[in-house]
Amino acid sequence: MSLTAYDCAETIRRLNDYLDRELSPEEVEMVEAHLATCEHCAAEYGFEQVLLGEIKAKMAQATMPEELRARLQAFIAKARD
Amino acid sequence: MAESVSTIRPFESELAMVLDTAYRVALRYTRNPDDAADLLQEATLRALKSKDTFVPGSNFRAWFLTIMTRLWWRMAKKIHTEVDVDAGEEPEVYLYQQCRAAGLHPETIDPARTILAKLDADQVSAAIDDLPEDYRAALALNLLENLSYQEIAELLECPIGTVRSRIHRGRNILQRRLWAMVQETP
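Residues numbered from 1 in each chain as written. Chains lettered and ligands numbered in written order. Predicted model: local features only at pLDDT ≥ 70, side-chain atom pairs only at ≥ 80, totals over all residues.

Here we look at the overall build of chain B
Then, number 1: The helix and strand tally for chain B stands at 9 helices and 0 strands.
Then, number 2: Listing every helix and strand of chain B by position from the N terminus yields α-α-α-α-α-α-α-α-α. (Helix = DSSP H or I, 4+ residues; strand = E, 2+ residues; numbered from the N terminus.)

Shown next, in the form of structure tokens:
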């Protein structure tokens, strides 16, 4: 089945769902077809993709205190015995 | 019925493996390291006590996060409320637009990395912590655990459309706050 190609607005509207892999295979195909031909939308997509990756990386820097880790591991070890 | 060693070991191994990311989610839920530690400890003890309810082979991470999320609701005396948020659901690509206006063109520079490099992890976390509770929870599960919208909906006991809306709006608000922080950073 051939679908009408997405324009810029339709592509940007789906940007979050595309980044989160929440689109149907047909929608993914349509978004990617548009990104392959539209420099502006491709730049916006590239920006959002890097931004999300940077935010995730910053959030992942929070580390569990060693004292808490030791306490939890002791609970787990006790349950294992 | 006594469980065999072979079924007990994977359970505790799985539990040990989810603790690091669960701690980060607990931090975003509670916005406080002491409360996050209490929440994670209570969830761990609860999981160990109710391990018989876990179906081997099913999604352990989702099972554990469900326990922790229910506990958080109880700790926070959480009541589901719809928040009046000044943000649309469609991507505003706000930061992208601001970067372009500021002369950070993607053709010549990597603007997303450039502006995020100006903020440390604590500042990014503070921007997320400033979001309304329901948005913060959905976004934390989305960004830290990479859960699907359906998995988040089951965890937070709300329709998938609500999760989608909270994540999309949450990102729009977050982008505005991050830009404001960048502007305030010398």
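Comments concerning helix α3 (residues 25-37) of chain A
For the α-helix, the turn length of 3.6 residues means that residues three or four positions removed from each other point alike.
All names here are of chain A.
Then, number 1: A rise of 1.5 Å per residue sets the reference length of α3, with its 13 residues, at 18 Å; its end C-alpha atoms lie 19 Å apart and thus fit the reference within 8%.
Then, number 2: Buried within α3 we find M30, V31 and H34. In an axial view of α3, the angular spread of the buried residues amounts to 95°, which keeps them on one side of the axis. Relative to its buried face, α3 has exposed residues pointing more than 90 degrees away, namely P25 and A36.
Then, number 3: Against α1 (8-13), α2 (15-19) and α4 (39-59) lie the buried residues of α3. (Expected span 1.5 Å × (residues − 1). Buried ≥ 20, exposed ≤ 12 C-beta atoms within 10 Å, placed from the backbone. Arc of directions from axis to C-beta. Contact = placed C-beta atoms within 7 Å.)

Description of the domain arrangement of chain B
Residue and element names in this part refer to chain B.
Then, number 1: Partitioning chain B into structural domains gives domain 1 (5-75) and domain 2 (94-184).
Then, number 2: Taking the mean C-alpha position of each, domain 1 and domain 2 sit 25 Å from one another.
Then, number 3: Taken together, the contact between domain 1 and domain 2 spans 11 residues of the former and 11 residues of the latter.
Then, number 4: A breakdown of the residues in the side of domain 1 that touches domain 2 according to their chemical character gives 4 nonpolar, 3 polar and 4 charged. (Domains from an automatic or database assignment. Nonpolar A, V, L, I, M, F, W, Y, C, P; charged D, E, K, R; others polar.)

Regarding the packing of helix α7 (residues 133-145) of chain B against helix α9 (residues 160-184) of chain B
Residue and element names in this part refer to chain B.
Then, number 1: Contact geometry for α7 and α9: axes closest at 8 Å, N-to-C directions at 90°. Viewed along their axes, α7 and α9 adopt a mutual orientation that is roughly perpendicular. Residues D134, Y135, A138, L139 and N142 of α7 lie in contact with α9, whose contacting residues are V163, R166, I167, R169 and G170.
Then, number 2: Class assignment for the residues of the contact of α7 with α9 results in 5 nonpolar, 2 polar and 3 charged. (Axes fitted to C-alpha atoms, helices over the stretch in contact; angles between N-to-C directions. Parallel < 35°, antiparallel > 145°, perpendicular 65-115°, else oblique.)

Some points on helix α6 (residues 121-129) of chain B
Then, number 1: The set of residues buried in α6 of chain B consists of V124, S125, A127 and I128 of chain B. For α6 of chain B, the buried positions fall inside an angular range of 155° around the axis, keeping them on one side.

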